[in-house]
Amino acid sequence: QGQLVESGGGSVQAGGSLRLSCAASTDTATIRYMGWFRQAPGKERDGITIIDNKSGATYYADYVKGRFTVSRDNAKNLMTLQMNNLKPEDTGMYYCAATTYFSWLPSAYPYWGQGTQVTVSS
């Protein structure tokens, strides 16, 4: 119930690109807001982007604007995160999450994936 599964992480050099995917179960797919969060070693989990599954509106943290793009394929219950021009500071564990109301706070999200590692070398 309420399952999210990420994939697509890996290691790249600075300036490279990666594409992450988040597959939602039937229960989770109907939840209005989905987001991507990042957690670097020793740091708190921070919100990167949120997508409103009802309106299609997207929201981004300032430090990824112009580099990351979130999208949603409702037919496949799939959310993707295209990450371009990656920087070493983008390194971390990336999680997708779902919630019923808009929030940047991880505590507002009851549904989480297991995470996928992204490593960017300089």
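Refer to the preceding data block for the structure.
Definitions and limits used
Residues numbered from 1 in each chain as written. Predicted model: local features only at pLDDT ≥ 70, side-chain atom pairs only at ≥ 80, totals over all residues. Heavy atoms only, no water. Helix = DSSP H or I, 4+ residues; strand = E, 2+ residues; numbered from the N terminus. Rg over C-alpha atoms; globule rule 2.2 N^0.38 Å. Buried < 20%, exposed > 50% of the residue type's maximum accessible area, 1.4 Å probe, protein only. Contact = heavy atoms within 4.5 Å. Areas by Shrake-Rupley, 256 points an atom, 1.4 Å probe, with all protein chains shown as cover. Lys, Arg positive; Asp, Glu negative; His and termini not counted. Charge placed at Lys NZ, Arg CZ, Asp CG, Glu CD. Pairing = 2+ DSSP bridges. Axes fitted to C-alpha atoms, helices over the stretch in contact; angles between N-to-C directions.

Engineer: Residues and numbers for the overall build of the protein chain, please.
Structural biologist: Of the regular secondary structure elements, the protein chain holds one helix and eleven strands. Ordered by position from N to C terminus, the α and β elements of the protein chain give β-β-β-α-β-β-β-β-β-β-β-β. For 122 residues, the compact-globule estimate of 2.2 N^0.38 gives 14 Å, and the protein chain sits close to it at 13 Å. For the C-alpha atoms alone, the extent of the protein chain along its principal axes is close to 40 × 30 × 25 Å. The buried share of the protein chain, taken over its 122 residues, is 45%. Intrachain contacts of the protein chain at a sequence separation of at least 6 include 57% that bridge at least 24 residues. Of the roughly 6,100 Å² of accessible surface on the protein chain, 48% is carried by carbon and sulfur atoms. Averaging the coordinates of the 11 positive side-chain charges in the protein chain and doing the same for the 9 negative ones gives two points 4 Å apart.

Engineer: Would you mind going over the sheet that holds strand β7 (residues 68-73) in detail, with residue names and values included?
Structural biologist: With antiparallel pairing, four strands are arranged side by side in an open sheet as β1-β3-β8-β7. Among the strands making up the open sheet, the edge pair consists of β1 (4-7) and β7. The average angle at which neighbouring strand axes cross in this sheet is 15°, direction not considered. Where strand β3 (residues 18-24) meets strand β8 (residues 78-83), six bridges bridge the pair, whose relative direction is antiparallel. Within β8, the position partnered with Leu20 by the bridge is Leu81.

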